[in-house]
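# Results of the structural survey
Below are the chains, spelled out letter by letter.
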Amino acid sequence: FIQKIFFKLCHFFSDYCVLVSISDENNVKKIYNGVLPKRTCLSFHTIDVEKFLSGKLSEKQEIFTTIAWMESIDNMFRKGVDKALFVFKFLTEKEEYSDAKLYIIGKEGEGADYLKRLCNDMKICDKVVFTGSIEEEHKVNILKRSKYYFQLSSYEGFGIGALEALTAKNIVIHSGNGGLKNTIKDYGIKVDLKIDIEKQIEFIYERLLNFDYEKLEIAQKYVQDNYSNIRRLEDFEKILPR
């Protein structure tokens, strides 16, 4: 209800409202009886694609990565980082992933403290790296080296981190919720959060072992065509008054 009020206020005082995902567009339509209001349009977020294109799959390391703001415990639940730790622990018990590392990138706080307690309980502290806030160049470097990316969000407005990881040829293990449905599509491994995560771990493991890496090459082209900054510039040239 509060979100509806805020959006209506934003729409009233704005010259134009730019929605960034089809899920957001559907949510706004619900507020206005199924119709998108005037002065509102859809334009997906974009990324600096060129930063993430270099690198070869053969040079990838056994690294899992996720990006989250960790000052709030609630955000750890929304981002599904607790679920990612659970899945990661299971995978490291398999021979193929026994030496794997998980990098968790983002500003630390209560959420990070909670995750560190989970790591301690799971006895995986030596396998999990909390980077804290890092420079963009460092983040890009990690994504280029990593092979897998977790985005098990209960809701994700768009999923920029997941899209960057996909562009850097990471296998994205994701929920498909919110904007992820449009950004990642079928290029990663989709997990149904309506089903207990414990019951899907073997499914994730099998999908990882049999993943078709040619998908990642196709995914890069898909991101270039749909989510480059040039494409956003073209949208804004149509939207913004001259």
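Before reading further, recall that the structure is shown in the block above.
Residues numbered from 1 in each chain as written. Predicted model: local features only at pLDDT ≥ 70, side-chain atom pairs only at ≥ 80, totals over all residues. Heavy atoms only, no water.

The topology assignment puts A112 in helix α5 (residues 110–122). C-alpha of A112 to C-alpha of I73: the two residues are 39 residues apart in sequence and 7.7 Å apart in space. Discounting residues that sit within four places of it in the chain, A112 has contacts with M70 and F130. (Helix = DSSP H or I, 4+ residues; strand = E, 2+ residues; numbered from the N terminus. Contact = heavy atoms within 4.5 Å.)

Turning to its location among the elements, E156 is positioned in the loop between β6 (148–151) and α7 (160–167). Here the side chain of E156 touches K79 through a polar contact of 2.8 Å, side chain to side chain. Of note is the side chain of E156, whose polar atom sits 2.6 Å from the side chain of S153. Those residues in contact with E156 that lie beyond four places of it in its chain are R78, K79, Q151, N177, G178, G179 and L180. (Polar contact = N/O pair within 3.5 Å; in protein donor to acceptor, adjacent residues only side chain to side chain.)

A few words on helix α10 (residues 214–226). Side chains that are three or four residues apart share a direction in an α-helix, a result of its 3.6 residues per turn. Under the 1.5 Å per step criterion, the end-to-end length of α10 is 19 Å for 13 residues, consistent within 8% with the ideal 18 Å. Within α10, the full set of buried residues consists of L216, A219, Q220, Y222 and V223. The arc that holds the buried residues of α10, viewed along the axis, is 165°, so those residues lie on one side. In α10, those exposed residues whose orientation departs by more than 90 degrees from the buried face are E214 and I218. (Expected span 1.5 Å × (residues − 1). Buried < 20%, exposed > 50% of the residue type's maximum accessible area, 1.4 Å probe, protein only. Arc of directions from axis to C-beta.)

On to the sheet that holds strand β5 (residues 128–132), then. Strand order in the open sheet formed by six strands is β5-β4-β3-β6-β7-β8, and the pairing between neighbours is parallel. Two strands bound the open sheet, and with one partner strand each, they are β5 and β8 (189–190). One ladder, built from five bridges, connects strand β3 (residues 63–67) with strand β4 (residues 101–105); its direction is parallel. What sits directly across from T66, in β4, is I104. Against the sheet, α5 makes contact with β4 and β5, and its axis sits at roughly 165° relative to β5, the strand it touches most. Against the sheet, α7 makes contact with β3, β6 and β7 (171–174), and its axis sits at roughly 165° relative to β6, the strand it touches most. (Pairing = 2+ DSSP bridges. Axes fitted to C-alpha atoms, helices over the stretch in contact; angles between N-to-C directions.)

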